[in-house]
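# Tertiary structure, described
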Amino acid sequence: MTDPTRTLAGVILLTIVTIEFGGWFLTKIARGQVPMTDFQKAFARAGHAHAGVLVILSLVGLLYVDQTGLSGFWLWIGRLALPVAAILMSGGFFASSAGKNVTQPNKFLAILWVGAASLAVGALTLGIGLITA
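Residues numbered from 1 in each chain as written. Predicted model: local features only at pLDDT ≥ 70, side-chain atom pairs only at ≥ 80, totals over all residues. Heavy atoms only, no water.

Under an unreviewed UniProt entry, the name given to the protein is Integral membrane protein, and the source organism is Kribbella lupini.

What follows is the structure, given as structure tokens:
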């Protein structure tokens, strides 16, 4: 594993603490200690789940990125697009449901779709990089 990939993996592992905090916050929501609409509860669960799954996918992707023939710009896309997707997709769920008594997503839902694009670009780049290596 190259130094940049190893460092990025370490940083991604550190983000798990924030995901744990989110899990603790979800238990407060489930116990009714945080007033939220059903829509907000659903988006809080979705945001938390996406964060956890995409962080794991990011770490798995880093195990492979240095095995590709990617270099320069595309190597960095292979390294960064998946963790960026984790941030943007989960953040999109949270930001688009923020506020009191919100029952539908606001304009910040666009962040979720930018994250989905990052996920697609990262997965395609890494997949193609591995197939062509």
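Further remarks concern the UniProt feature "transmembrane region" (unreviewed entry) in the protein. The sites that UniProt annotates as "transmembrane region" (unreviewed entry) are residues 6-26, 47-65, 71-96 and 108-131. A distance of 31 Å separates the end C-alpha atoms of residues 6-26, which is 95% helix and 0% strand. (UniProt positions renumbered as here; feature names shortened; annotations may be inferred. Helix = DSSP H or I, 4+ residues; strand = E, 2+ residues; numbered from the N terminus.)

On to the confidence of the model for the protein. Confidence in the prediction of the protein, expressed as mean pLDDT, is 96, and 100% of residues score 70 or more. Summarising per-element confidence for the protein, the mean pLDDT is lowest in helix α2 (residues 16-30) (93) and highest in helix α5 (residues 109-132) (98). (pLDDT = per-residue confidence, 0-100.)

Attention now moves to the packing of helix α4 (residues 72-95) against α5. At a minimum axis separation of 7 Å, α4 and α5 run at an interaxial angle of 155°. In terms of orientation, α4 and α5 fall into the roughly antiparallel class. When the axes of α4 and α5 are compared, the crossing they make is left-handed. (Axes fitted to C-alpha atoms, helices over the stretch in contact; angles between N-to-C directions. Parallel < 35°, antiparallel > 145°, perpendicular 65-115°, else oblique. Left-handed = near helix turned anticlockwise from the far one by under 90°.)

Ranked by internal contacts, the top residues of the largest apolar core, which has 21 residues, are Ile-12, Val-55, Leu-59, Leu-62, Val-65 and Phe-93. Counting residues per element, the ones that place at least two in this core are α1 (3-14), α3 (38-65), α4 and α5. In contact with Leu-62, not counting residues within four places along its chain, are Met-1, Thr-5, Leu-8, Ala-9, Ile-12 and Arg-79. (Core = buried A, V, L, I, M, F, W, Y, C linked by side-chain atoms within 4.5 Å. Buried < 20%, exposed > 50% of the residue type's maximum accessible area, 1.4 Å probe, protein only. Contact = heavy atoms within 4.5 Å.)

So, about the packing of α1 against α4. When two helices pack together, their arrangement is given by the angle between the helix axes and by the axis-to-axis distance. One way to put it is that α1 packs onto α4 with a least axis distance of 11 Å and a crossing angle of 5°. Classified by the angle between their axes, α1 and α4 sit roughly parallel to one another. Across the interface between the two elements, Pro-4, Thr-5, Leu-8 and Ile-12 of α1 pack against Trp-76, Arg-79, Leu-80 and Pro-83 of α4. Here the residues of the contact of α1 with α4 are counted per class, giving 6 nonpolar, 1 polar and 1 charged. (Nonpolar A, V, L, I, M, F, W, Y, C, P; charged D, E, K, R; others polar.)

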